[in-house]
Amino acid sequence: MLKLLFFSIALLSSANVLAGAQKEEPLSNSVRSMMQKSISDTAVPKLIFASQVEGELWLKDMSERLKKRIPDQDMREDFLRTVHYEATRAGLDPQLVLGLIQVESGFKKYAVSSVGARGFMQVMPFWVSSIGNPDHNLFHLRLNLRYGCTILRHYLDIEGGDLYRALGRYNGSLGQPEYPNMVVGAWKKNWSYR
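Residues numbered from 1 in each chain as written. Predicted model: local features only at pLDDT ≥ 70, side-chain atom pairs only at ≥ 80, totals over all residues. Heavy atoms only, no water.

**Looking at the packing of aromatic side chains**
Okay, step 1: With the rule as written, the count across this model stands at seven aromatic pairs.
Okay, step 2: Relative to Phe 139, the ring of Tyr 110 has its centre 5.5 Å away and its plane inclined at 45°; by these criteria the two rings are tilted. You can see Tyr 110 sitting in the loop between α5 (94-105) and α6 (126-131) and its partner Phe 139 sitting in the loop between α6 and α7 (141-158), a full 29 residues away along the chain.
Okay, step 3: Relative accessible area serves as the criterion here: at 57%, Tyr 110 is assigned to the exposed category.
Okay, step 4: Plain terms: the ring middles of Phe 126 and Trp 127 are 5.2 Å apart, the flat faces sit at 35° to each other, and that makes the pair tilted.
Okay, step 5: Three or more aromatic residues joined by ring pairs make a cluster, and in this case those are Phe 79, Phe 107, Phe 120 and Trp 191.
Okay, step 6: Over the ring of Trp 187 we find Lys 188; its NZ or CZ atom is 3.9 Å from the centre of that ring. (Phe/Tyr/Trp six-rings, centres within 6.5 Å; stacked < 30°, edge-to-face > 60°. Helix = DSSP H or I, 4+ residues; strand = E, 2+ residues; numbered from the N terminus. Buried < 20%, exposed > 50% of the residue type's maximum accessible area, 1.4 Å probe, protein only. Lys NZ or Arg CZ within 6 Å of the ring centre and 35° of its normal.)

**Quick look at the nonpolar core**
Okay, step 1: Phe 79, Leu 98, Ile 101, Met 121, Trp 127, Tyr 147 and Tyr 170 are the most contacted members of the largest nonpolar core, which has 48 residues in total.
Okay, step 2: For this core, the element with the highest residue contribution is α7, accounting for nine residues.
Okay, step 3: In contact with Met 121, other than residues within four places in its own chain, are Val 97, Leu 100, Ile 101, Glu 104, Asn 144, Leu 145, Gly 148, Cys 149 and Tyr 170. (Core = buried A, V, L, I, M, F, W, Y, C linked by side-chain atoms within 4.5 Å. Contact = heavy atoms within 4.5 Å.)

**Brief notes about the packing of α5 against helix α9 (residues 178-191)**
Okay, step 1: Relative to each other, α5 and α9 sit at 120°, their axes nearing to 8 Å. The angle between α5 and α9 falls in the class oblique. The interaxial crossing formed by α5 with α9 has right-handed handedness. Of α9, the residues touching α5 (which contributes Gln 95, Leu 96, Leu 98, Gly 99, Leu 100, Gln 102, Val 103 and Glu 104) are Tyr 179, Met 182, Val 183, Ala 186, Trp 187, Asn 190 and Trp 191.
Okay, step 2: Of the residues in the contact of α5 with α9, the class split is ten nonpolar, four polar and one charged. (Axes fitted to C-alpha atoms, helices over the stretch in contact; angles between N-to-C directions. Parallel < 35°, antiparallel > 145°, perpendicular 65-115°, else oblique. Left-handed = near helix turned anticlockwise from the far one by under 90°. Nonpolar A, V, L, I, M, F, W, Y, C, P; charged D, E, K, R; others polar.)

Below, the structure is given as structure tokens:
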């Protein structure tokens, strides 16, 4: 009964998230070019740590935390490797990205917001025409995470490294504390790693 209640609360909270209210803003040619280059990377995701042992310890720890949300071990580990790779290459903390995904989609690959944002990181479709190509499927694990991390990095750059403002831009709620506080709270409570 408790599991059903928790599942219902999680489902309702992910449905009520303000995901995808991003506003399409004009990009300078240099920014567009940089973001397009970032999106076009096709390298195979891999953990980037000082040692293989350190990477395996991170994967084991995060996998255990994520087990209830993504029960299949192979899918869970592929997801975590991809999150770590895409976040690291964008200069983001992978645990922050896990917190963002928790708030945005509740770790649902096929989540769609009321305004059409898609996938784990709730990427708005206008980004595909702005920096990607028409063949990009925002439900594809790597593409969704690559877009989401590239977009968050872009917003961090615009905001001079101010994480709260960048998260507000990501969600389309700039200047309102609720969303950034939810993401940082999820990050610190559920995904913090030494």
